[in-house]
Amino acid sequence: MKKILLFAALAVISAIAFTSCGMQKNAQKTVLTSVQISRAPQQTFYDLQTGLQVNIATTRPNEEMTGWIHHLSGKSFFAGPTTNYIRSMGFKEIAPETDYKLTIKLKRVDLNGYNGASWADIEVTLNDSKGNEVFSQKDISTTSKSMILMTSLNEVYTLALEQINWNQIASFLKDKPKGKVKGSDLNQTIVRWDVQSRPQGADIFWRVVSKTPEVKNTNNKYLQTTPYEATKALDIKGLTYENSSNVRVILRCEKDGYLSQEKEYDVRMIMDQEEISAFFRLVKEE
């Protein structure tokens, strides 16, 4: 008889706990109906001559919830805040026939309602007015954690937007300089370097990735720790204005206890702007 009573009590307790969990999950669903960008953008562009149309492409998950995990990549509420964030940097629509088109695809935006951990995976594609892809940035992944669920969601999505190479996107929307000497060797082109990180004190490396035989790939070269500001030559042997669109510079940021990050730059963009500017918001290793 005692065993029967014990099993009955356990069954009642389990039913109450299950009902409580279900109510809590449903309550979370009613809260997760929007997103806010946590910070204003670090960059502003004033000299853009070509417009930019913005499209946020959602990805419908197989399930809206798996256990405590909310799958939010199919939600439409990311579009408005993302567009406002991009517009605040100076990107705007000018003329439909000449505007470039930026697509941000939400591959994964997940939030753990039990412990507040969140994950965001996005990718970016830029097409010219004729539909040709001119730039893409894949595998942007960020993580965050806060027991306040909306804080965790807002932060993880803001971090993802901050990883987008806005400098390179802006370079396609500026007037291209005229009068470059074809075939001239530009390996000693002087540019301004401005590399920042938060927190500071991170090691900065750079390397060359080339698709043209005139310019060789290089291994990582150490610059110094952040903040790094200098005016110096690119020092890329064999570089010309004609082959510069096939050459990229990769900046890498490393700091103990934080995830390493990289940013990629088209060398023609660097030559046009005479600047390499980067900001790394470092994410702690879990």
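Residues numbered from 1 in each chain as written. Predicted model: local features only at pLDDT ≥ 70, side-chain atom pairs only at ≥ 80, totals over all residues. Heavy atoms only, no water.

Q: What is the right way to look at the nonpolar core in this model?
A: When a protein is soluble and globular, its nonpolar side chains tend to lie buried together. Core analysis: the largest hydrophobic core is formed by 39 residues, its most contacted members being Phe-78, Phe-91, Ile-104 and Trp-166. Put simply, the parts of the chain that give this core at least two residues each are β1 (52–57), α2 (79–88), β4 (100–112), β5 (117–127), β6 (133–145), α3 (149–162) and α4 (166–171). Ranked by residue count, the leading element in this core is α3, at seven residues. Listed in part, the 28 residues of the second largest apolar core include Val-215, Leu-239, Phe-280 and Leu-282. (Core = buried A, V, L, I, M, F, W, Y, C linked by side-chain atoms within 4.5 Å. Buried < 20%, exposed > 50% of the residue type's maximum accessible area, 1.4 Å probe, protein only. Helix = DSSP H or I, 4+ residues; strand = E, 2+ residues; numbered from the N terminus.)

Q: For this particular structure, what's the right way to read the sheet that holds strand β10 (residues 228–233)?
A: Adjacent strands of a sheet pair through backbone hydrogen bonds, lying either parallel or antiparallel. If you walk across this open sheet you meet the three strands as β10-β7-β13, and the pairing is mixed. Each edge of the open sheet carries a strand with a single partner, namely β10 and β13 (275–281). Between one strand axis and the next, the sheet turns by 15° as a mean value, whatever way the strands run. Examined bridge by bridge, strand β7 (residues 190–198) and β10 share six bridges and lie antiparallel to one another. Paired with Arg-192 across the two strands is Thr-231, which belongs to β10. (Pairing = 2+ DSSP bridges. Axes fitted to C-alpha atoms, helices over the stretch in contact; angles between N-to-C directions.)

Q: Would you take a moment to explain the packing of aromatic side chains for this structure?
A: In this description, an aromatic ring pair is defined by two values, namely the gap between the centres and the angle between the planes. Applying the stated rule across the entire model yields eight aromatic pairs. Residues Trp-68 and Tyr-114 carry aromatic rings whose centres are separated by 5.6 Å and whose planes lie at 55° to one another, so their mutual orientation is tilted. Here the residue Trp-68 occupies a position in the loop between β2 (65–66) and β3 (69–71), and Tyr-114 occupies one in the loop between β4 and β5, the gap between them amounting to 46 residues. Taken together, the ring pairs in this structure connect Phe-45, Phe-91 and Trp-166 into an aromatic cluster. Its end group placed over the ring of Trp-193, Lys-232 keeps NZ or CZ at 5.7 Å from the ring centre. Across the ring face of Phe-280, the terminal group of Lys-263 is positioned such that the distance to the ring centre comes to 5.4 Å. (Phe/Tyr/Trp six-rings, centres within 6.5 Å; stacked < 30°, edge-to-face > 60°. Lys NZ or Arg CZ within 6 Å of the ring centre and 35° of its normal.)

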